[in-house]
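Commentary on secondary and tertiary structure
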Amino acid sequence: MFRAIWITGLVVWLAAPWQPVGAFADAPRPRSILILDQSEARGPNEENLHRFLREKYRDRPVGVVIAIGAATLDLALRWRGELWPETPIVFATFDKGDLSRLKLPPGVTGGIVRMRLQDTIEAARAVVPGLDTIFLVGDPWDRQVIFHNWKGEINSVAAGLNVVELVGLKMQELRERVAILTDRSAIIYSAIYSDGEGNFYPPATALALMAERANRPIIVAAETFLSPGGIGGFVLLPTVVGSAIARLALRILNGEPSPSAPTQLTDAIKPIFNWPQMQKWHVSESSLPPGSEIRFREPTFWQKYRWQSIVVLATILVQTALITILLQERRRRRYAEVEARSRMSELAHMNRRATAGEMSASIAHELNQPLGAILTNTETAESMLRSATPNLGEVKEILADIRRDDQRASEVIRRLRSLVKLKPFETRIIDLNDTVREVFQFLSVQASTRSVTLDLEEGPKILQVKGDPIQLQQVILNLVVNSMDAMASQPNGRVVTGRTELCNGTSAKISISDSGHGIPSEQLARVFDPFFTTKEQGMGIGLSIARTIVQADGGRIWAENQTGGGAIFRLSIPLAKA
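The present account deals with the structure reproduced in this document. Here the structure is a predicted model, which is why all the values come from computation and not from measurement.

1. Focus on a nonpolar patch on the surface
Taken together, W302, W307, I310, V312, L313 and I316 make up a surface patch of nonpolar side chains, about 610 Å² in accessible area. Looking at the nonpolar patch, the element that brings in the most residues is helix α11 (residues 306–358), giving five residues. Among the structural elements, L313 can be located in helix α11. Residue classification places L313 among the partly exposed residues on the basis of a relative accessible area of 46%.

This is how it looks when you write it as structure tokens:
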């Protein structure tokens, strides 16, 4: 039976005083286990192994002997009387079909598995649609460790299939044969321990050599055969077998009689498949047997970076929510700014109308002068035309005077209409010198009636800024009128000075100063507050509106007291970009 099967022995000494002893333990056995494994391909022959075990462990008691495989169990039973009398034997990886031919004596127990060729063929049918041929590859049946029972199952489970046995071939010949197999066929691999030319290796190595050349999928029945090139099948799980046998051996070591641990069927066969091989042979997951497990599948991006993806998605969602909120707030802010600017324009318009009302007497006086001159010149021209020989040259001069006075009156009306007309906010590029000059001309009559001298010092260069011309005129008008009001109680020396200049090459500055008594220091910081006023009839909104207009144009306005007396208001506005 052991013509080509070599056996390796290993002793594992368990110094484990911490292992709990069962309540049923009467006399705990020696804490040692001898493991005999027939699956190793290299080692001494049967006679040498017998001598080796006898000499080495003559004086070393063994608590339990574990025999892996049917051939090993057969040896252990034959050597038991001489080497391990009365020592319990626990066997593993023992096919159910071998149990019937062995009569187990007392003190022998273990776990059996059911390695059925039928299950392997079922896996082959799942992998190859329309399967019609199976190629059985492995060592000769009488040298098989676990799968030797398959030989007797072929006729009963492979009905309707062509069965070709490629067993006992040399590795070189086998590699050539599996490279030219027919379509709709599959390879069923049991185990190969040598290349037939004196070289021995583990069955997994032999499988890898064969898989390099095979042109059909390889069905395997052991978990260790998956990664070398097997596509899978109903495979034996060594870890399950090992765990079951280890628990059974520990129970015996702790004093439990072995007959109380009867032979049991180990549930160590599971349908497991190799994902890269499935991809290679185009096998769908849905065609596999129910409950199949897939190994070596590359995890999806979500599986590999699940938590990182959740964090990124959460961050994106939070950012999206924040951006949405910010855009909503921006829209609301712009709407509020438009509303505020509209309300400011209305308030500024009311302020201009109030200012125009206060200036009505001066405006009427300014209109009366050209209108009176027009009337006088018209009467003179009529008188000259009634003469027998009218002097047409003088008449032409009179008509020119009438045109000039008419234009003067029209200009007064235009300025007045611009001042009191309600217009939407309009930003454009304007020359600040022209804006200030026009306000000083408009207020010249009112200044004259108040005995106030208006003095304007224009900058040497054109000062282009971006803003609403009417509202900027209103700012300057409010400042000049306030300066004239501040000097109302002053008997003489009433002077309002306006100055425009370039500041640092980036902004234009306007200064409006007076020769009054200045602003009390405790009120200087409040002059731009809404509804703050020192006038008995004032509303306190002129300077507040002025500050709002200047800030809307990106500038600033402030007030100071001059060293020699009087107050000075300054405003700075950025120059328009070229």
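Once you've had a look at it, read on.
2. Here's the deal with the packing of helix α16 (residues 469–486) against helix α17 (residues 542–552)
The N-to-C vectors of α16 and α17 enclose an angle of 145 degrees; their axes lie 9 Å apart at closest approach. Taken as a pair, α16 and α17 cross one another with a handedness that is left-handed. Contact with α16, carried on its side by Q471, L472, Q474, V475, N478, L479 and N482, involves G542, L543, I545, A546, I549 and V550 of α17 and no other residues of that element. Residues that form the contact of α16 with α17 fall into these classes: eight nonpolar, five polar and no charged.

3. Some words on the environment of R175
In this fold, R175 is placed in helix α6 (residues 171–177). C-alpha of R175 to C-alpha of M210: the two residues are 35 residues apart in sequence and 5.5 Å apart in space. If near-sequence neighbours (up to four positions away) are discounted, R175 is found in contact with L209, M210, E212 and R213.

4. Focus on unusual backbone geometry
A positive phi angle, close to 55 degrees, is found at R184, a residue other than glycine. Its location among the elements puts R184 in the loop between α6 and β8 (185–189). Note on R184: relative accessible area 47%, which makes it partly exposed. Not every positive phi belongs to a glycine, and H282 is a case in point at roughly 60 degrees. Within the secondary structure, H282 is located in the loop between α9 (275–280) and β13 (293–295).

Cut-offs used in this document
Residues numbered from 1 in each chain as written. Predicted model: local features only at pLDDT ≥ 70, side-chain atom pairs only at ≥ 80, totals over all residues. Heavy atoms only, no water. Patch = residues over 30% accessible without salt bridge, like charges linked within 9 Å, V, L, I, M, F, W, Y side chains within 5 Å. Areas by Shrake-Rupley, 256 points an atom, 1.4 Å probe, with all protein chains shown as cover. Salt bridge = Lys/Arg side-chain N within 4 Å of Asp/Glu carboxyl O. Helix = DSSP H or I, 4+ residues; strand = E, 2+ residues; numbered from the N terminus. Buried < 20%, exposed > 50% of the residue type's maximum accessible area, 1.4 Å probe, protein only. Axes fitted to C-alpha atoms, helices over the stretch in contact; angles between N-to-C directions. Left-handed = near helix turned anticlockwise from the far one by under 90°. Contact = heavy atoms within 4.5 Å. Nonpolar A, V, L, I, M, F, W, Y, C, P; charged D, E, K, R; others polar.

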